[in-house]
Amino acid sequence: MRSCKRALRLFGAPLLWLAGSVWALPPALPLERLPDLDRARLTERTARLATMSAAEREALAARQAAWAALPAAERARRRLAFEAASDLPEAERARLQQAAAYFDSLPEDERQALRLRFEQLDLGMRRGWLLGPTLGAMWPQLHPLFAAMPDAQRAPAIAALRAASSQGLADLALLAQRTPPQDRDALRRQWLAVPAPERDAWLRARVAP
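Residues numbered from 1 in each chain as written. Predicted model: local features only at pLDDT ≥ 70, side-chain atom pairs only at ≥ 80, totals over all residues. Heavy atoms only, no water.

Looking at the overall build of the protein chain
- Helix and strand counts for the protein chain stand at 13 helices and zero strands.
- Ordering the α and β elements of the protein chain from the N terminus gives α-α-α-α-α-α-α-α-α-α-α-α-α.
- The buried share of the protein chain, reckoned over its 209 residues, is 37%.
- A separation of at least 24 residues holds for 68% of the contacts in the protein chain among residues at least 6 apart in sequence. (Helix = DSSP H or I, 4+ residues; strand = E, 2+ residues; numbered from the N terminus. Buried < 20%, exposed > 50% of the residue type's maximum accessible area, 1.4 Å probe, protein only. Contact = heavy atoms within 4.5 Å.)

Topic: the nonpolar core
- Counting 25 residues, the largest nonpolar core has Trp-139, Leu-142, Phe-146, Leu-161, Leu-172 and Trp-191 as the members making the most contacts within it.
- Of all elements in the fold, only α9 (133-146), α10 (151-163), α11 (166-178), α12 (184-193) and α13 (199-207) reach the threshold of two or more residues within this core.
- Per-element tally for this core: the top contributor is α9, with six residues. (Core = buried A, V, L, I, M, F, W, Y, C linked by side-chain atoms within 4.5 Å.)

Some details on the environment of Gln-167
- Among the secondary structure elements, Gln-167 is positioned in helix α11.
- With a relative accessible area of 42%, Gln-167 lands in the partly exposed category.
- Considered as a pair, Gln-167 and Ala-201 are 34 residues apart in the sequence and their alpha carbons are 9.9 Å apart.

What about the pattern of salt bridges?
- Under the counting rule described, the total for this entry stands at five salt bridges.
- When the shortest N-O distance is used, the salt bridge between Asp-171 and Arg-204 registers 2.7 Å. Within this pair, whereas Asp-171 is found in helix α11, its partner Arg-204 is found in helix α13, the two being separated by 33 residues in sequence.
- When its relative accessible area of 3% is taken as the criterion, Asp-171 is described as buried.
- Looking at Arg-204, the relative accessible area reads 36%, which means it is partly exposed. (Salt bridge = Lys/Arg side-chain N within 4 Å of Asp/Glu carboxyl O.)

Thoughts on the packing of aromatic side chains
- Counted under the stated rule, the structure contains two aromatic pairs.
- Seen from their ring centres, Phe-146 and Trp-191 are 5.9 Å apart, and the 75 degrees between their planes marks the pair as edge-to-face. With Phe-146 in helix α9 and Trp-191 in helix α12, this residue pair connects regions lying 45 residues apart in the sequence.
- An aromatic cluster of three or more residues is present, and its members are Trp-139, Phe-146 and Trp-191.
- Lying across the ring of Trp-191, Arg-199 places its NZ or CZ 5.6 Å from the centre. (Phe/Tyr/Trp six-rings, centres within 6.5 Å; stacked < 30°, edge-to-face > 60°. Lys NZ or Arg CZ within 6 Å of the ring centre and 35° of its normal.)

Quick look at the structure:
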């Protein structure tokens, strides 16, 4: 549990607040051309800006300037972390917030050491923690099955992973380790093609025939 909380704090939670605070609405934005969801979000942010005091607007402008000064790669990494956390189930976000509080309670030298250890992980392992504490903890075992996944499969695969039971995830992780690299794509496609209510039984039959 401790390693789970630390990894989440290192890659996710410290990045969320800054990325999420960039609320400014570009001038003369053609809202009518945006999808309904994006238009609703921007309209809500504009309304919230209208309620801010002068001091709050100044603070927001300062955060925006700090954000703009970051290298493009760092902004992309922070944005990815924010979007990933936004997609987490409520219980997973709560655990992420607890991890952030725990990390902030540590002495600075321990935080720096943990940051360094996390940055030394393989990029695929670090990205696995963006999926939340449950999937992040299992990602070293699941990663071989999803490392070379086509973009079109990503959303369905993540949704299927989030919906899986603990036993289903354990069975899938075991199959990922047992399956030769050349057969992993076929396994992933077959798993996704199985109706959601039947996936656990499908996996169980292959792990313990």
